[in-house]
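# Architecture and fold: a report
So you can see what is in the structure, the chains are spelled out below.
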There are 2 protein chains.
Amino acid sequence: MSTIEKTAPETINHDLCPRFHRAVELIGKRWTGAVIQVLLGGPRRFNEILSAIPGISDRLLTERLRELEGENLIVRRVEAASPVRVTYELTCGGAELKEALDAIGRWAEKWISV
Amino acid sequence: MSTIEKTAPETINHDLCPRFHRAVELIGKRWTGAVIQVLLGGPRRFNEILSAIPGISDRLLTERLRELEGENLIVRRVEAASPVRVTYELTCGGAELKEALDAIGRWAEKWISV
């Protein structure tokens, strides 16, 4: 643990934290940030998410939604209507990613050239 | 652009932003967050970074440092001493990732189980 002490005291030490690793890998997966960002606007149907993210395919969106459901970041709701209406909605954990995604967005706007 | 209007007005729309995509993929790459976190404590030599991140290999750290240098997030400084002293240091762009990494860390501490 001696190496930690060299770090400035105001810095939170995520460098050794497996949770931090899992979180950045989760957020960093292609399209995950975009899907969460769309759902931050409220519950959405599959086709609404699909049309909000140019470039994502049906197959990839299905895959990402399943992964996010598996991580308890979104829930899939089936409403008993005719035809059946399926919506995707952020859990509290998913919604709280807003702060991190906004911080990444602000950084990207300033520092990433396209 | 009509799909954007469905999103709540307080939400920054990163979902269509290629910069945001590049940023999350950059940060999400294995060990990148950890390397930046260590360098937020100040300039470090290769072996200091290596020992601060359990589990990373020589080869992978070399690779990550080169990538981060290529993205202008760190600089490699060679001091003319004997033996030559090489340190790695964050650029302004790299240092400004602190806010995003801290936000991810706070989220991970709350929501990720290990």
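Residues numbered from 1 in each chain as written. Chains lettered and ligands numbered in written order. Predicted model: local features only at pLDDT ≥ 70, side-chain atom pairs only at ≥ 80, totals over all residues. Heavy atoms only, no water.

## As for the relation of the copies chain B and chain A
Overlay of chain B on chain A (RMSD 0.0 Å): rotation 180 degrees, translation along the axis 0.0 Å. Accordingly, the operation relating the two chain copies is best matched by a two-fold axis. Considering only C-alpha atoms, the residue of chain B closest to the rotation axis is Gly28 of chain B, which sits at 2.0 Å. A high fraction, 100%, of the interface residues of chain B reappear at the interface in chain A, so the copies pair face to face through one surface. (Least-squares fit on C-alpha atoms with pLDDT ≥ 70 in both. Contact = heavy atoms within 4.5 Å.)

## Focus on helix α1 (residues 18–28) of chain A
In an α-helix, one full turn covers 3.6 residues, which means residues spaced three or four apart are oriented alike. Among the residues of α1 of chain A, Phe20, His21, Ala23, Val24, Leu26, Ile27 and Gly28 of chain A are the ones counted as buried. Those residues of α1 of chain A that are buried lie in contact with α2 (32–39) and α6 (98–111) of chain A together with α1 (18–28), α2 (32–39) and α6 (98–111) of chain B. (Buried < 20%, exposed > 50% of the residue type's maximum accessible area, 1.4 Å probe, protein only. Helix = DSSP H or I, 4+ residues; strand = E, 2+ residues; numbered from the N terminus.)

## Some remarks on the sheet that holds strand β1 (residues 44–45) of chain A
All names here are of chain A. What the three strands build is an open sheet, ordered β1-β3-β2; its pairing is antiparallel. On the outer flanks of this sheet lie β1 and β2 (74–79), each paired with one strand and no other. Along the sheet face, α2 touches β1, β2 and β3 (85–90) and points at about 105 degrees away from the line of β3. (Pairing = 2+ DSSP bridges. Axes fitted to C-alpha atoms, helices over the stretch in contact; angles between N-to-C directions.)

## Things to note about the pattern of salt bridges
All names here are of chain A. Applying the stated criterion to the full structure yields 20 salt bridges over all chains. The closest approach of N and O atoms between Arg64 and Glu63, which form a salt bridge, is 3.4 Å. Of the residues examined, Arg64 reaches a relative accessible area of 6% and is grouped as buried. A salt bridge links Arg77 to Glu89, with the nearest nitrogen and oxygen atoms 2.7 Å apart. With a gap of twelve residues between them, Arg77 in strand β2 and Glu89 in strand β3 connect regions that are remote in the sequence. (Salt bridge = Lys/Arg side-chain N within 4 Å of Asp/Glu carboxyl O.)

## A closer look at the nonpolar core
Of all hydrophobic cores here, the largest spans 67 residues; its most connected members are Ile104 of chain A together with Ile53 and Ile104 of chain B. Sequence-distant contacts of Ile104 of chain A, defined by excluding residues within four places in its chain, comprise Ile27 of chain A together with Phe20, Ala23, Val24, Ile27, Ala100 and Ile104 of chain B. (Core = buried A, V, L, I, M, F, W, Y, C linked by side-chain atoms within 4.5 Å.)

## Points about the confidence of the model for chain A
Residues and elements named next belong to chain A. On average, residues of chain A score 84 in pLDDT, and 85% of them are at 70 or above. Predicted confidence is poor over residues 1–12, with pLDDT under 50, and the contacts of this stretch with residues over four places away or in other chains come to 18 contacts. Confidence metrics for the complex model read pTM 0.76 and ipTM 0.77. (pLDDT = per-residue confidence, 0-100.)

## Some words on the interface of chain B and chain A
Counting from both sides, the interface comprises 57 residues of chain B and, opposite them, 57 residues of chain A. A buried area of about 5200 Å², summed over both sides, lies between chain B and chain A, and 64% of it is on carbon and sulfur atoms. A salt bridge links Glu99 of chain B to Arg106 of chain A; the nearest nitrogen and oxygen atoms lie 2.5 Å apart. Summed over the shared surface of chain B and chain A, the result is twelve residue pairs in polar contact (both at pLDDT 80 or more). Elements supplying a minimum of two residues to the side of chain B that touches chain A: α1, α2, α3 (46–52), α5 (92–95) and α6 of chain B. Counted by class, the side of chain B that touches chain A contains 28 nonpolar, 13 polar and 16 charged residues. (Buried area = accessible area lost by both parts, 1.4 Å probe. Polar contact = N/O pair within 3.5 Å; in protein donor to acceptor, adjacent residues only side chain to side chain. Nonpolar A, V, L, I, M, F, W, Y, C, P; charged D, E, K, R; others polar.)

## Observations concerning the packing of α2 of chain A against helix α4 (residues 58–70) of chain A
Two measures define how a pair of helices packs: the angle their axes make with one another and the distance between the axes. All names here are of chain A. At a minimum axis separation of 10 Å, α2 and α4 run at an interaxial angle of 75 degrees. With respect to α4, the axis of α2 lies roughly perpendicular. Along the contact surface, α2 presents Thr32, Val35 and Ile36, while α4 presents Leu61, Arg64, Leu65 and Leu68. Of the residues contributing to the contact of α2 with α4, the split by class is five nonpolar, one polar and one charged. (Parallel < 35°, antiparallel > 145°, perpendicular 65-115°, else oblique.)

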